[in-house]
Amino acid sequence: MRLLVSIALAGLAGLLLVSCAPSAEAPASGPAAAPEHAGMWKDVHDAVAVLAPTEGSSVRGVVRFHGNDDGTVAIEGTFEGLVPGQQHAIHIHEFGDCTDLHGKSAGGHYNPENRPHGLPPAAERHAGDLGNLQADDAGRATLALTVGNVSIAGVKNPVIGRAVIVHAKPDDGGQPTGNAGGRAACGTIGLARPSE
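Keep in mind the model is a prediction, meaning the values are calculated, not measured.

Trainee: Describe in detail the environment of His-91, supporting the description with residues and values.
Mentor: Inspection of the secondary structure assignment puts His-91 in strand 4 (residues 87-93). The buried category is assigned to His-91, whose relative accessible area is 0%. Placed 38 residues apart in sequence, His-91 and Asp-129 show a C-alpha to C-alpha distance of 5.0 Å. Residues in contact with His-91, not counting those within four places in the same chain, are His-109, His-117, Gly-128, Asp-129, Leu-130, Ala-163, Val-164, Ile-165, His-167, Asp-171, Thr-177 and Ala-180. Reaching out from His-91, the side chain makes a polar contact with the side chain of His-109 at a distance of 3.0 Å.

Here's what the structure looks like:
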């Protein structure tokens, strides 16, 4: 009887080993699959963030990102509802989560390289440091900036899925985040229709 039980257990163990062995047809995973995954993003050159006001604010805007052939990213935006004549800080923040009424769910400045805070064009700055908007007398502003420290969806500091925040005050360049005050508008950066 013991011999029969031993044979049965050995057979069961063999079946388990065969069923758990990786199949030759199993899809690749881990580092071997990375190049194929990266290929999915190689043609992504355009992103957009539509900014909505946080609670108590009237600031809104649209920011467009375009990846250039030389590896730089052109950033253009239009904004309204700003304090007339005042500067307002604008940053990319680490999470694309604008669910909090005050924009706090977007986290801190996007700073994957752990650099000190700074204002463009300084090379030593957070990847998310975009400087200041200058509002006109009607509370409107535009942004036109080309940067080399981020990518749309590439290996170098990708911005897809993060958030753009416009702050209530100017960024004075101070540490650690420019003393820019509360968050006046928030928008998640998502894929955009390719530019013509």
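Trainee: So what's going on with the sheet that holds strand 1 (residues 46-53)? Which residues, and what values?
Mentor: Strands in a sheet are paired, the pairing made by backbone hydrogen bonds, and the direction either parallel or antiparallel. Spatial ordering of the open sheet is given by 5-4-7-8-1-2-3-6, a layout of eight strands whose pairing is antiparallel. What marks the edges here is a single partner per strand, and that holds for strand 5 (129-134) and strand 6 (141-147). Neighbour-to-neighbour, the strand axes of the sheet open up by a mean angle of 20 degrees, direction not taken into account. Inspection of the sheet shows strand 1 paired to strand 2 (residues 60-67) by six bridges, in the antiparallel sense. Within strand 2, the residue paired with Leu-51 across the bridge is Gly-61.

Trainee: Residue-level account of the pattern of salt bridges, with values.
Mentor: If you walk through the whole model with that rule in mind, you get three salt bridges. The partner of Lys-156 in a salt bridge is Glu-113, with the nearest N and O atoms 3.4 Å apart. Of this pair, Lys-156 sits in the loop between strand 6 and strand 7 (163-167) while Glu-113 sits in the loop between strand 4 and strand 5, and the two are 43 residues apart along the sequence. Across the pair Arg-115 and Glu-124 runs a salt bridge, and its minimum N-O distance is 2.6 Å. Look at Arg-115 and you get partly exposed, because its relative accessible area is 28%. Here Glu-124 falls in the partly exposed class, since its relative accessible area comes to 43%.

About the thresholds
Along each chain, residues carry numbers from 1 onward, in the same order as the chain's sequence is written. Whole-chain, interface and lining totals are the exception, using all residues; otherwise, since this is a predicted model, local features are given only for residues with pLDDT of at least 70 and side-chain atom pairs are given and counted only at 80 or more. Think of the side-chain values as coming from all heavy atoms in the structure, minus any hydrogens and water. Where helices and strands are cited, they refer to DSSP runs of H or I of at least four residues and of E of at least two residues respectively, numbered from the N terminus. Exposure is judged per residue with a 1.4 Å probe applied to protein chains only, and the accessible area is read against the type maximum: over 50% gives exposed, under 20% gives buried, and values in between give partly exposed. Any pair of residues with heavy atoms lying within 4.5 Å of one another is described as a contacting pair. N or O atoms closer than or at 3.5 Å make up a polar contact, with two conditions inside protein: a donor-capable atom paired with an acceptor-capable one, and, for residues adjacent in sequence, both atoms drawn from side chains. The rule for pairing is simple: two strands pair if DSSP sees at least two bridges between them. Where helices are involved, their axes are fitted lines through C-alpha atoms of the stretch in contact, as for all axes, and angles between N-to-C directions lie from 0 to 180°. Between Lys or Arg on one side and Asp or Glu on the other, a salt bridge is scored when a side-chain nitrogen of the former is within 4 Å of a carboxyl oxygen of the latter.

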